[in-house]
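Letter by letter, the chains look like this.
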Amino acid sequence: QVQLVESGGGSVQAGGSLRLACASSGYSYRRYWMTWFRQAPGKEREGVAVIYSGGGTTYYADSVKGRFTISQDNAKNTVYLQMNSLKPEDTAMYYCAAGYPVVWSRPDDYKYWGQGTQVTVSS
């Protein structure tokens, strides 16, 4: 019933930009914290940014502060991640997740996940 679908990934050169989108359906998304995670080969899945529309709250991983911006379009039930000044270290599969986490950056705290979209940044 609850569906999350990511899009917008691709390949860019270092310093470039991408905008990811997560379209949601099947639930009232204002009830959930919605988070972007990423996972690179051989690394643990890590939280990138989270937004809670009900409280107007956002948080970011230290590694992306000042470069990434999370936002929502309530009319479209879509969460965005604007990624600027991309670095090779940002290369990963990016996932959208929804839940009511105790700790926003812990993957196990989220119930619903999208399929992921690949971001590759070359030097």
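Just above, that's the structure.
Just checking my understanding: could you explain the sheet that holds strand 7 (residues 68-73) for this structure?
Sheet strands associate in pairs through backbone hydrogen bonding, adopting either a parallel or an antiparallel arrangement. As summarised here, the arrangement of the four strands in space is 1-3-8-7, forming an open sheet in which the pairing is antiparallel. The two strands at the open ends of the sheet, each matched to only one other strand, are strand 1 (3-7) and strand 7. On average, each strand axis in the sheet is inclined to that of its neighbour by 15°, with strand direction left out of account. Here strand 3 (residues 18-25) runs beside strand 8 (residues 78-83); their pairing, made up of six bridges, is antiparallel. Its bridge partner being in strand 8, Ala-23 is matched across the sheet by Thr-78.

Would you take a moment to explain the environment of Gly-16 for this structure?
In this fold, Gly-16 is placed in the loop between strand 2 (10-13) and strand 3. Separated by 68 residues in sequence, Gly-16 and Asn-84 place their C-alpha atoms 6.2 Å apart. The contact partners of Gly-16, leaving out residues within four places of it in the chain, are Met-83, Asn-84, Ser-85 and Leu-86.

How should I be thinking about the nonpolar core in this particular structure?
Soluble globular proteins tend to bury their nonpolar side chains together. Membership of the largest hydrophobic core comes to 27 residues, with the highest contact counts inside it found for Met-34, Trp-36, Leu-81, Met-83 and Tyr-94. Only strand 3, strand 4 (33-39), strand 5 (46-52), strand 7, strand 8, strand 9 (92-99) and strand 11 (117-122) provide two or more residues apiece to this core. If one sorts the elements of this core by residue count, strand 9 sits on top with four residues. Setting aside residues up to four positions removed in sequence, Tyr-94 forms contacts with Glu-6, Leu-20, Trp-36, Phe-37, Arg-38, Val-48, Phe-68, Leu-81, Met-83, Gly-116, Thr-117 and Val-119. Counting seven residues, the second largest nonpolar core, distinct from the first, contains Trp-33, Phe-37, Val-50 and Tyr-110.

Hey, could you run me through the state of the cysteines in this one?
Formally, a disulfide is one covalent bond, and it connects the sulfur atom of one cysteine to the sulfur atom of another. Here the structure, examined in full by the defined rule, presents one disulfide. The disulfide partner of Cys-22 is Cys-96, and the S-S distance across this bridge is 2.1 Å. Here the S-S torsion is close to -75°, and the disulfide linking Cys-22 with Cys-96 is therefore left-handed. Taken together, the residues span a long stretch of sequence, with Cys-22 in strand 3 and Cys-96 in strand 9 at a distance of 74 residues. For the pair formed by Cys-22 and Cys-96, the shared burial category is buried.

Thresholds applied
Residues numbered from 1 in each chain as written. Predicted model: local features only at pLDDT ≥ 70, side-chain atom pairs only at ≥ 80, totals over all residues. Heavy atoms only, no water. Pairing = 2+ DSSP bridges. Helix = DSSP H or I, 4+ residues; strand = E, 2+ residues; numbered from the N terminus. Axes fitted to C-alpha atoms, helices over the stretch in contact; angles between N-to-C directions. Contact = heavy atoms within 4.5 Å. Core = buried A, V, L, I, M, F, W, Y, C linked by side-chain atoms within 4.5 Å. Buried < 20%, exposed > 50% of the residue type's maximum accessible area, 1.4 Å probe, protein only. Disulfide = S-S within 2.5 Å.

Just distances and angles here, no functional claims.
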